[in-house]
Amino acid sequence: MSNPVKIVAILTARPGKAEALWTQLSGMVAPSRAEPGNLRWDIWRDQADATRFVLDELYVDNAAVAAHRQTPHFQDYFARINDLAERTALVADPVEVA
């Protein structure tokens, strides 16, 4: 049996790059949500810092995460993200999830 995989990424826009970061992230919503192994793909904006975003992602299993990382929209994101933002990502397995 496979386990769901949660990814939480915190992205803080580099100076002058907040709008470009927002454009990059918002362009990923529809194609990421359309992936067969995706259960959730949401963008949150920090109330205290409008240049900081949180990606909240949930996939059916590690194979779905691997498939996501091979998509054109993820490859485009990955090629651009270091120029747009500082990024910290956490990949988590369920421990006690309802």
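Caption draft 1: Region of interest: the packing of helix H1 (residues 18–26) against helix H4 (residues 72–84). H4 packs onto H1 with a crossing angle of 160° between their chain directions and a minimal axis gap of 10 Å. Accordingly, the angle class assigned to the pair H1 and H4 is roughly antiparallel. Viewed along their axes, H1 and H4 form a crossing whose handedness is left-handed. Here Ala20, Leu21, Gln24 and Leu25 of H1 come into contact with H4, specifically with Asp76, Tyr77, Arg80, Ile81 and Leu84. For the contact of H1 with H4, the class distribution of residues is 6 nonpolar, 1 polar and 2 charged.

Caption draft 2: Representation of the nonpolar core in the model. Grouped together as the largest cluster of nonpolar side chains are 20 residues, with contacts concentrated most on Leu11, Leu21, Leu55 and Tyr77. Counting only elements with at least two residues in this core, the list comes to strand S1 (5–13), H1, strand S3 (52–59), helix H3 (62–69) and H4. Looking at this core element by element, the count peaks at 5 residues for S1.

Caption draft 3: How the structure looks around the packing of aromatic side chains. Evaluation of the coordinates by the stated rule reveals 3 aromatic pairs. With a centroid separation of 6.0 Å and an interplanar angle of 20°, the aromatic rings of tryptophan 22 and phenylalanine 53 are classed as stacked. Taken together, the residues tryptophan 22 in helix H1 and phenylalanine 53 in strand S3 connect sequence positions 31 residues apart. When the centroid spacing of 5.8 Å and the interplanar angle of 20° are considered together, the rings of phenylalanine 74 and phenylalanine 78 count as stacked. Here phenylalanine 78 and phenylalanine 74 lie together in helix H4, a separation of 4 residues that amounts to about one turn. Across the ring face of tryptophan 22, the terminal group of arginine 45 is positioned such that the distance to the ring centre comes to 5.7 Å.

Caption draft 4: Spatial organisation of H4. Counted at 1.5 Å a residue, the expected span for H4 with its 13 residues is 18 Å, and the 18 Å between its end C-alpha atoms agrees. Remark: the principal bend of H4, roughly 30°, maps to phenylalanine 78. Among all positions of H4, only His73, Phe74, Tyr77, Ile81 and Leu84 are buried. Looking at the buried residues of H4, the elements they touch are S1, H1, helix H2 (29–33), S3, H3 and strand S4 (85–92).

Caption draft 5: A look at the pairing of strand S2 (residues 38–45). Two elements, S2 and S3, share 7 bridges in a ladder whose sense is antiparallel. In the sheet register, asparagine 38 faces S3, and the bridge partner there is tyrosine 59.

Caption draft 6: Quick peek at the sheet that holds S2. The sheet built from 4 strands is open, its strands ordered S2-S3-S1-S4 with antiparallel pairing. Bordering the open sheet on either side are S2 and S4, each of which pairs with just one other strand. When strand polarity is set aside, the average angle formed by the axes of neighbouring strands in this sheet is 15°.

Definitions and cut-offs
- Residues numbered from 1 in each chain as written.
- Predicted model: local features only at pLDDT ≥ 70, side-chain atom pairs only at ≥ 80, totals over all residues.
- Heavy atoms only, no water.
- Axes fitted to C-alpha atoms, helices over the stretch in contact; angles between N-to-C directions.
- Helix = DSSP H or I, 4+ residues; strand = E, 2+ residues; numbered from the N terminus.
- Parallel < 35°, antiparallel > 145°, perpendicular 65-115°, else oblique.
- Left-handed = near helix turned anticlockwise from the far one by under 90°.
- Contact = heavy atoms within 4.5 Å.
- Nonpolar A, V, L, I, M, F, W, Y, C, P; charged D, E, K, R; others polar.
- Core = buried A, V, L, I, M, F, W, Y, C linked by side-chain atoms within 4.5 Å.
- Buried < 20%, exposed > 50% of the residue type's maximum accessible area, 1.4 Å probe, protein only.
- Phe/Tyr/Trp six-rings, centres within 6.5 Å; stacked < 30°, edge-to-face > 60°.
- Lys NZ or Arg CZ within 6 Å of the ring centre and 35° of its normal.
- Expected span 1.5 Å × (residues − 1).
- Bend = angle between axes of the 7 residues up to and from the residue.
- Pairing = 2+ DSSP bridges.

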